[in-house]
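Below are the chains, spelled out letter by letter.
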There are 2 protein chains.
Amino acid sequence: MAFSEVRPADIEKKSFEIINDELAEMGKTVDPRYEHIVKRCIHTSADFEYADSLYFSEDVDSKISEAIRNGAFIVTDTTMAQSGINKKTIEFFGGRVLCFIGDKSVAEEAKERGMTRSFISMERASKLDRPVIVAVGNAPTALASIVRLHEEGKFDPVAVIGVPVGFVNVVEAKEMLMDTDIPCIVAKGRKGGSNIAACIINAIQYKIRREA
Amino acid sequence: MAFSEVRPADIEKKSFEIINDELAEMGKTVDPRYEHIVKRCIHTSADFEYADSLYFSEDVDSKISEAIRNGAFIVTDTTMAQSGINKKTIEFFGGRVLCFIGDKSVAEEAKERGMTRSFISMERASKLDRPVIVAVGNAPTALASIVRLHEEGKFDPVAVIGVPVGFVNVVEAKEMLMDTDIPCIVAKGRKGGSNIAACIINAIQYKIRREA
């Protein structure tokens, strides 16, 4: 096969056409309310399993959009997810994209208190004086920490993107999150990742831009 | 299912045990020379397709290890891949992990010369006064640029990790790379990503550490 001469601006368009065609061939339908998110996850991973595995709590998409428009902060569990999130729209509305996991003081506090760095990171997220959307692509412990802080009445995030990837405690942590009343988007099963966490936030902000 | 009490240090060990068990159940065998890489890709993605899709040119693993031990620089196509690479071992040996794609001067030069930012980034990589390993998880154009610079006698990287993800030009760019004599690791097909690019570099450096 030859490298085709597609203008960079058209590559994304063509990619989504291919995704649409193949979804149709597979007989898969996607909820139109969430198709911008589902298809971007497929675009990011080339994995059509996301057509079936994504869970959305009621109105979670509009809750996140409204919060971003009001300058909410995004907190991620890894610098990789932080790095993958497009900052433009978030910062235009006064928000920021933060990640505490690499902070020296988080490591120190975790050691002192005998807690995980994930827990301390999520505790820091809970203390921000802004509405917070948490995007978790790696650490099931981060999800478990959010649920614990929420149960203790200490953390009430706008929403949680719960898409850690892996083999141990990942499925369980996602189920714990879905059992709460925290608005959430979850990739059920083992799959997910920092790239998926970032692309879900990006899908939502690109829709805000298109509608602006 | 309950969240199991596994010590963070044991989670990775347990994950690899699960991966081994499931590979055996599926009747899949992995080349022992590359199993640290193949299994880490599965660990990073929870996707067993990597047991079949990874291509390794002859001795590529030892070429990369030796270069890292000699202080080679790693250049990535995205800040996300840069961010996912563990810097410890690389920097211990005098290397660095670089990414030029976000540099203002790259954007300016790309505009002036009518080239893509990916091309200019790879051209910068070719001009470093160190042996370079390139890790491409996103842009097929980056792979095509490397091949072009190589054909013009301007770039001779130690190795290329060619694992961009996507639907347009991705398969073709990977085939172009495999048709050259550049040492490479490629995820054949559409799948890959910045996380996979980073984890392949990490798998190699963790092996260096275990053997140290």
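Just above sits the structure.
Residues numbered from 1 in each chain as written. Chains lettered and ligands numbered in written order. Predicted model: local features only at pLDDT ≥ 70, side-chain atom pairs only at ≥ 80, totals over all residues. Heavy atoms only, no water.

**Student:** Would you explain the pattern of salt bridges in this entry?
**Tutor:** Pairing is possible between side chains that carry opposite charge, provided their charged atoms lie close to one another. A complete count under the given rule lists 32 salt bridges over all chains for this structure. Residue D61 of chain B is joined to K207 of chain B by a salt bridge in which the shortest nitrogen-to-oxygen separation is 3.8 Å. Here the residue D61 of chain B occupies a position in helix α4 (residues 60-69), and K207 of chain B occupies one in helix α11 (residues 194-211), the gap between them amounting to 146 residues. Overall, D61 of chain B belongs to the buried group, its relative accessible area being 8%. The partner of R69 of chain B in a salt bridge is E211 of chain B, with the nearest N and O atoms 3.9 Å apart. Placement of the pair is R69 of chain B in helix α4 and E211 of chain B in helix α11, with a sequence separation of 142 residues. Three or more residues joined by partner-sharing salt bridges are found here, namely D47, E49 and K191 of chain A together with D47, E49 and K191 of chain B. (Salt bridge = Lys/Arg side-chain N within 4 Å of Asp/Glu carboxyl O. Helix = DSSP H or I, 4+ residues; strand = E, 2+ residues; numbered from the N terminus. Buried < 20%, exposed > 50% of the residue type's maximum accessible area, 1.4 Å probe, protein only.)

**Student:** Sorry, what's going on with empty space enclosed by the protein here?
**Tutor:** A probe matching the size of a water molecule, rolled over the atoms, marks out where space remains unfilled. A full pass over the atoms with the stated rule returns one cavity of 30 Å³ or more. In terms of lining, the largest cavity is formed by 15 residues, of which the most central are S45, D47 and N195 of chain A together with S45 and N195 of chain B. Those elements that place two or more of their residues in the lining of the largest cavity are α11 (194-211) of chain A together with α2 (35-45) and α11 of chain B. Looking at the lining of the largest cavity residue by residue, the classes come out as four nonpolar, seven polar and four charged. (1 Å grid on protein atoms, 1.4 Å probe; cavity = no way out; pocket = protein on both sides within 12 Å on 5 of 7 lines; lining within 4 Å. Points joined across faces, edges and corners; volume = space filled by probe spheres on them. Nonpolar A, V, L, I, M, F, W, Y, C, P; charged D, E, K, R; others polar.)

**Student:** Quick question: what am I supposed to make of the sheet that holds strand β4 (residues 132-136) of chain A here?
**Tutor:** By definition, the strands of a sheet pair up through backbone hydrogen bonds, in either a parallel or an antiparallel sense. Residue and element names in this part refer to chain A. The strand order across the open sheet built from six strands is β1-β6-β5-β4-β2-β3, with neighbouring strands paired in mixed fashion. With one partner strand each, in any of the chains shown, β1 (54-56) and β3 (97-99) form the two edges of the open sheet. For this sheet, the mean inter-axis angle between neighbouring strands, taken without regard to orientation, is 15°. Sheet topology note: the strand β2 (residues 73-76)/β3 ladder contains three bridges and is parallel. Looking across to β3, one finds that T76 is bridged to C99. Against the sheet, helix α10 (residues 170-178) touches β1, β5 (159-162) and β6 (184-187), its axis set at about 155° to β6. (Pairing = 2+ DSSP bridges. Axes fitted to C-alpha atoms, helices over the stretch in contact; angles between N-to-C directions. Contact = heavy atoms within 4.5 Å.)

**Student:** How should I be thinking about the relation of the copies chain B and chain A in this particular structure?
**Tutor:** Each copy of the sequence occupies a distinct position, and chain B is placed on chain A by a rotation of 180° and an axial shift of 0.0 Å, giving an RMSD of 0.0 Å. Those values place the two copies in the arrangement expected of a two-fold rotation axis. Across chain B, the rotation axis passes nearest the C-alpha of M80 of chain B, at a separation of 2.6 Å. The overlap is high: 100% of the interface residues of chain B also sit at the interface in chain A, so the same surface is used on both sides. (Least-squares fit on C-alpha atoms with pLDDT ≥ 70 in both.)

**Student:** Which parts of the structure should I look at to understand the packing of aromatic side chains?
**Tutor:** Here a ring pair, both rings aromatic, is described through the centre-centre distance and the interplanar angle of the planes. Residue and element names in this part refer to chain A. Evaluation of the coordinates by the stated rule reveals six aromatic pairs over all chains. Pairing Y34 with F56 gives two aromatic rings, centres 3.9 Å apart and planes at 5°, and the pair type is stacked. Of the two residues, Y34 sits in the loop between α1 (8-25) and α2 (35-45) while F56 sits in strand β1, which places them 22 residues apart along the sequence. Comparing Y34 with F56, the two get one shared label, buried. Note on F92 and F93: the rings are 5.0 Å apart at their centroids and 80° apart in plane angle, and the pair reads as edge-to-face. Residue classification places F92 among the exposed positions, given a relative accessible area of 67%. When its relative accessible area of 27% is taken as the criterion, F93 is described as partly exposed. (Phe/Tyr/Trp six-rings, centres within 6.5 Å; stacked < 30°, edge-to-face > 60°.)

**Student:** What am I meant to see in the nonpolar core here?
**Tutor:** One recurring pattern in soluble globular proteins is that nonpolar side chains are buried together. I200 of chain A together with I200 of chain B are the most contacted members of the largest nonpolar core, which has 95 residues in total. The contacts of I200 of chain A, once residues within four sequence positions are left out, are I37, C41, L54, I161, V163 and I185 of chain A. F73, M122, V136 and A139 of chain B belong to the second largest nonpolar core, which has 26 residues in total. (Core = buried A, V, L, I, M, F, W, Y, C linked by side-chain atoms within 4.5 Å.)

**Student:** When you look at the packing of helix α8 (residues 117-126) of chain B against helix α9 (residues 140-151) of chain B in this model, what are you seeing that I'm missing?
**Tutor:** In helix packing, the relevant descriptors are the interaxial angle and the interaxial distance, both defined with respect to the helix axes. Residue and element names in this part refer to chain B. Interaxial distance between α8 and α9 falls to 8 Å at its minimum, and their mutual angle equals 50°. Of the possible angle classes, the one that applies to α8 and α9 is oblique. Relative to α9, α8 is oriented so that their crossing is right-handed. Here S118, F119, M122 and E123 of α8 come into contact with α9, specifically with T141, A142, S145, I146, R148 and L149. Classifying every residue of the contact of α8 with α9 by side-chain character gives five nonpolar, three polar and two charged. (Parallel < 35°, antiparallel > 145°, perpendicular 65-115°, else oblique. Left-handed = near helix turned anticlockwise from the far one by under 90°.)

**Student:** Looking at this structure, how should I read the interface of chain B and chain A?
**Tutor:** Often the size quoted for an interface is simply the accessible area lost on bringing the parts together. Between chain B and chain A, the residue contacts involve 40 residues of the former and 40 residues of the latter. Note on chain B versus chain A: buried area summed over both sides is about 3200 Å², and carbon and sulfur give 66% of it. When the buried area of chain B at its contact with chain A is split by residue, F3, M80 and F167 of chain B rank highest and sum to 24% of it. Here chain B is connected to chain A by four salt bridges. (Buried area = accessible area lost by both parts, 1.4 Å probe.)

**Student:** Honestly, the sheet that holds strand β6 (residues 184-187) of chain B in this entry has me stumped. Any pointers?
**Tutor:** Residue and element names in this part refer to chain B. The strand order across the open sheet formed by six strands is β1-β6-β5-β4-β2-β3, and the pairing between neighbours is mixed. Of all the strands in the sheet, the pair left with one neighbour each is β1 (54-56) and β3 (97-99). Pairwise comparison of adjacent strand axes, ignoring direction, gives a mean angle of 15° for this sheet. As judged from the four bridges shared by strand β2 (residues 73-76) and strand β4 (residues 132-136), these two strands associate in the parallel manner. Looking at β4, one finds that F73 is bridged to V132.

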